[in-house]
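Spelled out from the first residue to the last, the chains are:
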Amino acid sequence: MSAKAAASTPSRKVALVTGAARGIGLAVARRFLREGWRVGLLDIDGPELAKALAAIGEPDRTLALECDVAIGAQVDAAVTELAARFGRIDALVNNAGVAVFKPMLEHTAAEWERVIAVNLTGPFLCTQACAPVMLRHGGGSVVNIASISGLRASMLRVAYGTSKAGVIHLTRQQAAELGNLGIRVNAIAPGPVDTAMAKKVHTPDIRADYHDAIPLNRYGSEDEIANGVWFLCSDEASYVNGQTLAVDGGFDAVGIGLP
Ligand code: NAD
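Rules of the game
- Residues numbered from 1 in each chain as written.
- Predicted model: local features only at pLDDT ≥ 70, side-chain atom pairs only at ≥ 80, totals over all residues.
- Pairing = 2+ DSSP bridges.
- Helix = DSSP H or I, 4+ residues; strand = E, 2+ residues; numbered from the N terminus.
- Axes fitted to C-alpha atoms, helices over the stretch in contact; angles between N-to-C directions.
- Contact = placed C-beta atoms within 7 Å.
- UniProt positions renumbered as here; feature names shortened; annotations may be inferred.
- Core = buried A, V, L, I, M, F, W, Y, C linked by C-beta atoms within 7 Å.
- Buried ≥ 20, exposed ≤ 12 C-beta atoms within 10 Å, placed from the backbone.
- Expected span 1.5 Å × (residues − 1).

**Points about the sheet that holds strand E2 (residues 38-43)**
If you walk across this open sheet you meet the 7 strands as E3-E2-E1-E4-E5-E6-E7, and the pairing is parallel. Here the strands that pair on one side only, and so sit at the sheet edges, are strand E3 (62-66) and strand E7 (244-247). Neighbour-to-neighbour, the strand axes of this sheet turn through a mean angle of 15 degrees, independent of strand direction. Across 3 bridges, strand E1 (residues 14-18) lies against strand E4 (residues 91-94) in parallel orientation. When the bridges of E4 are listed, Ala 15 appears paired with Ala 91. Packed onto the sheet, helix H6 (residues 158-178) meets strand E5 (140-145), strand E6 (183-190) and E7 and runs at close to 165 degrees relative to E6.

**A few points about the UniProt feature "domain: Ketoreductase" (unreviewed entry) in the protein**
According to UniProt, the feature "domain: Ketoreductase" (unreviewed entry) maps to residues 13-191 in the numbering used here. Taken end to end, residues 13-191 comprises 48% helix and 19% strand; its first and last C-alpha atoms sit 29 Å apart.

**Regarding the nonpolar core**
Val 17, Leu 41, Cys 130, Ile 188 and Val 229 are the most contacted members of the largest nonpolar core, which totals 79 residues. If you tally residues by element for this core, the top one is helix H5 (residues 109-135), at 11 residues.

**Regarding the environment of Asp 60**
Counting through the fold element by element, Asp 60 comes out in the loop between helix H3 (46-56) and E3. The exposure class assigned to Asp 60 is exposed, which follows from the 7 C-beta atoms found within 10 Å. Residues Asp 60 and Ile 183, 123 residues apart in the sequence, show an inter-C-alpha distance of 27 Å.

**Let's talk about H6**
Counted at 1.5 Å a residue, the expected span for H6 with its 21 residues is 30 Å, and the 30 Å between its end C-alpha atoms agrees. Residues of H6 that are buried: Val 158, Ala 159, Tyr 160, Gly 161, Ser 163, Lys 164, Gly 166, Val 167, Leu 170, Thr 171, Gln 174 and Leu 178.

Okay, structure coming up:
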């Protein structure tokens, strides 16, 4: 459906996007809104979330949910609030994530635990909370945001890469367990996108490595990742389940590793 047609025929469908205050999550939220859906934007950063909602300017079709995806009680409360406001949840995009890039021998246990808690436990908790709401209306779709760092090992990414490899397998587990209930679960493995996260952890050396290792020789955009998420959530992907789609400019296809 074109953006114009979607805007003139609002869908009753509802998406929950985590980590939606900025970056890839905000682009995903905007994509669902362009398709006519209503969207719950969940983020740990309340002020950033308020800025995003003000910029979107769709108060009737959005709900801001301040929440830490790693804390089950907060997730449950946020999902309950979204279901009460809009009556249903059709898609969940587990996008919230954090990155620590440093040598394994310098990584602290606390950093490890936080990366695993947000990136891997978060999608587990959010899916567990949303699935029963999806099932009230016959099912839905979950997309987990993994990373090319979950497909290939490389320097500095011991916790981050391991969490994302976990997300890829979590996707298969969730697909196996939820498919026959009517919920499809897939993942997107983005290549590098120049968000706040990338600005924090991508040194000039990492940027040069990505440039050389990616056949398209560039970073992706937030919207290019959102396009993949939308495809997997839409009916166009109605027989796609348990898969990880790399949206990475060809990085994974070529097989040249990063240092
Ligand atoms: P970002 O840092 O710009 O945005 C992440 C958002 O998640 C922020 O708004 C942040 O406040 C929120 N968040 C962090 N911890 C949270 C928590 N505990 N609970 C709720 N919200 C939380 O990063 P981004 O680049 O847009 O990343 C989005 C996703 O894409 C992440 O899962 C990331 O790992 C993944 N990814 C990013 C890249 C990249 O190069 N940017 C590449 C591959 C994968």
